[in-house]
Each structure stands twice: as C-alpha cells, then as structure tokens.
Amino acid sequence: MTVALAAKAGEVEVLHWWTSGGEAKAAAELKKMMQSKGHTWKDFAVAGGGGDNAMTVLKSRVVSGNPPAAAQIKGPAIQEWGDEGVLANLDDVAQAERWDQVLPKVVADVMKYKGHYVAAPVNVHRVNWLWANPEVFKKAGAKIPTTWKEFGESAEKLQKAGFIPLAHGGQAWQDATVFEAVALGVGGPEFYKKAFIQLDQGTIKSAKMEEALSTYKSLKKYTDKNAPGRDWNLATAMVIQGKAGMQIMGDWAKGEFLAAGKVPGKDFICTAAPGTSNAYTFNIDSFAMFKLTGDAAKAQKDLAATIMSPAFQEVFNLNKGSIPARLNMDMSKFDDCGKQSSKDFVATAKSNTLVPSWAHGMAMHSATQGAFQDTISQFWNTDSMTAKQAVEKLAAAAKVQ
Ligand code: BGC
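Everything in this summary refers to the structure shown in the same document. Every value quoted in this text rests on a predicted model; they were computed, and no experiment measured them.

Side note on the pattern of salt bridges
Next, step 1: Applying the stated criterion across every chain, the model contains 17 salt bridges.
Next, step 2: Taking the shortest distance from any N to any O, the salt bridge between Lys 301 and Asp 92 comes out at 3.1 Å. Taken together, the residues Lys 301 in helix H14 (residues 294–308) and Asp 92 in helix H4 (residues 91–96) connect sequence positions 209 residues apart.
Next, step 3: Between Glu 211 and Lys 208 there is a salt bridge, with the nearest N and O atoms lying 3.0 Å from each other. Taken as a pair, Glu 211 and Lys 208 lie in helix H11 (residues 207–217) at a separation of three residues, close to a single helical turn.
Next, step 4: Glu 211 sits in the partly exposed class, given a relative accessible area of 38%.
Next, step 5: By relative accessible area, which is 34% here, Lys 208 ends up partly exposed.
Next, step 6: By sharing partners, the salt bridges in this structure join Lys 217, Lys 220 and Asp 383 into a single network.

Description of the site of the ligand
Next, step 1: Taken together, 14 residues surround the ligand, and among them Glu 23, Lys 74, Asp 285, Lys 320 and His 360 come closest.
Next, step 2: In the environment of the ligand, an oxygen atom lies 3.3 Å from a nitrogen or oxygen atom belonging to the side chain of Trp 17.
Next, step 3: Within the contact set of the ligand, an oxygen atom lies 2.8 Å away from a side-chain nitrogen or oxygen of Lys 74.
Next, step 4: Relative to its unbound accessible surface of 310 Å², the ligand loses 100% to contact with the protein.
Next, step 5: Counting atoms within 2 Å of the grid points, the majority share of the ligand lands in the largest cavity.
Next, step 6: When residues of the shell around the ligand are assigned to domains, at least three map to each of domain 1 (3–125 + 283–348) and domain 2 (126–281 + 359–397).

Reading guide: rules and limits
- Residues numbered from 1 in each chain as written.
- Predicted model: local features only at pLDDT ≥ 70, side-chain atom pairs only at ≥ 80, totals over all residues.
- Heavy atoms only, no water.
- Salt bridge = Lys/Arg side-chain N within 4 Å of Asp/Glu carboxyl O.
- Helix = DSSP H or I, 4+ residues; strand = E, 2+ residues; numbered from the N terminus.
- Buried < 20%, exposed > 50% of the residue type's maximum accessible area, 1.4 Å probe, protein only.
- Near = heavy atom within 4 Å.
- Polar contact = N/O pair within 3.5 Å; in protein donor to acceptor, adjacent residues only side chain to side chain.
- Areas by Shrake-Rupley, 256 points an atom, 1.4 Å probe, with all protein chains shown as cover.
- 1 Å grid on protein atoms, 1.4 Å probe; cavity = no way out; pocket = protein on both sides within 12 Å on 5 of 7 lines; lining within 4 Å.
- Sits in = over half its atoms within 2 Å of the grid points.
- Domains from an automatic or database assignment.

Right under this line is the structure:
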C-alpha cells in the first residue's frame, strides 16, 4: 500500500514534548523509520510534561507563518486548529491506507476536521492508573489499595515505615491528572461525564464534587515537601528507586519503569486508580499536519502513513507505555499492563465507561481546560481554600471558552 504513496525524500519537522527517558526512546523509533525511508528528521522537542510549553511555542510558530510539518496536537484542540484553516488534508493517505476501517470510530472522529482527516493517531494512553513499588509495600506491611479509603490506610502505613506514600509533581497538569482519577473513583463514570464533558452546572456544584475535591486534598499530606514544580518522570523515579510507594499517572509512566529495566508485576505494579477499575480515561496522542507545499508536503504524507503502519504502532507503543490506536493489532509482545489496557479499552467502550481525559486535552475546549486546571492547582496549594469555594470556581471555569 505504501508503495502507491512512495514519497520523494524531504524534510519533516516534528513538534513534540517527548523528552523523558521512555518518551525519547519511543520518539526515536519514528525518527528511525522516517530516516530509513530517506527523509530528514528535524526534531522540534519542547520539554514540559503534558505539553503546555509545546503548545505555546507552536502558536508563535504558526502565527509567524512558519509551521512545522507535524505537531503533537490532541483531542478538541485539533478542531481549534482546523478552525484556523492551517491544517493539511490527509484524505488521500487515509483512503489508500484504509484508516476508516482500521481505527475505532471514536478515534477516527477526533482525527477529522469537517469530515476530512487532518491528524494521525499514534496510541491510546490510559490515564487512571496507580503505579506502586511492591517491595516498599512489603516492607511497610501495606496492601495495594483498591478504594480511596484503602489508599489512606496504606499511605499511613507507608509513611510510618519511613517512605513517601505518594510521589507527586506539583505542576498544574499533574495536579489535574490526580484530581481526575480521584473524581472518577469517587463519583463514577456518569458523574465524570456530566461534570467534565457536559459541564453540567448542577453536577459541578454537587455534594459529590465537594467529596471528590476533599478526597483529592486529603492526599496532599502523603506527598513530600519537594513536590512543587517537580517533573512527572522524577516522581516516577522516586517509585522506581523505592523512595516512594505510589504514583497516580497515565501509562507514559510505564515507559520510565521499562527504560530503567524494571519488570511489570515484579519490580512495579500497575493497577487501576482506586475505585476506577471498571472505567477508562483515554488520552490519544496524535500528530496534526500543517499545510505545506512541494517535497515537504510529500514527506509529510509519508509521515502520516508511517505513523499508522502496524510496525510503527507496535514498536512505538512498546516503548511509550500506551497501546496501539489501530484495531486488531497483535498484542503478544506487550506486557500485562498493556494487555490489561487493551482489554479494558474494549470492555469499557461496550459498557459506556470509556471517558476522555480532560486533564490531557481530550474533553474540553483548551480555555475551559486551562480554567479547570488553574482551579484544581489553586485548591491543592491553598490550605485556606474550602472544597465549597473550589466548587464555585469550577462552576465559573465551566463557562470559560
Ligand atoms: C501525553 C503523553 C506524554 C505525557 C507526559 C501527555 O499529555 O499525552 O504522550 O507522555 O503528557 O509528557
């Protein structure tokens, strides 16, 4: 199939924020594949987990009329860029490579602007995971928690035994990542959908939301004093090194464990965040392509085809911690966390408990998301702020667009 699209060699400049150990290994696979097809890879990496920095840099490049070939843009933000009229139409590649047939419809829809493909997905990340160091748990005589009540009990034991119970990085997107998991666990998927997708005022102002916020805030005493500003991968390293017992983070964290040579089930445990085993917050990384001309445009189409190829989807995701976005992939090389994610993705899609991660740009307009994120961080960092005050702020944030 790719033969029909065989492109003349060109340069592809690719903007991403994959700079941690596991992320960089995964990104290198794309670079390798493009280079093996004769293209020149121009790396445009902007450090900063969650991608806030990358998005700021991207805006200034596009405004100055000099966009990269492709940029890591996700979820509803693809529509926002589509509205700007700057994205390339990838329908010819998509048709030749049968993207409509090989992608789940929920994924394909996100990649289209007004019915035309403008982006290609690389993976599906699950966000509602708890990562734990079993050795630390053993030493503390604690059990891996499955409810938020148990989380508190285990955290107390870990603390008494001299460990940091929860490794956290105090950055707005990480605060939001933890809160999102707590809210899903406390309120369940229907509550989650009403609050964060429909932005229903009644649900945002409900007693459940206050409970979710209070539960979230109760975790702060289990983090260490150096948490503010810490990068997520350094928090993962604390679990890897046995300084901390747990981290609540999406499965890009698994990429760090693997890059450190750790074995799932033995050196580290992956399990659904407390109270969320029957639900799945998804976060799909994708590359939107910008309008280009000449050889660069041809190389760009080859990039799109490469991203969607089974070989790339396998090797990239083995390193990244996520699962392929393509359907019917052979999962035999994936570890138990990957197999679990794949199984749960299918099961939760059926039971309607597969929900987009708002903390990772899958659910809201970017301005709304920013306002939510600010509120959650402010609440985390301000001891005098009550859950009731935070609820009021969230209700106002829901109206920001
Ligand atoms: C992205 C992941 C990335 C993580 C940390 C998320 O928003 O989807 O690909 O690994 O941020 O940088």
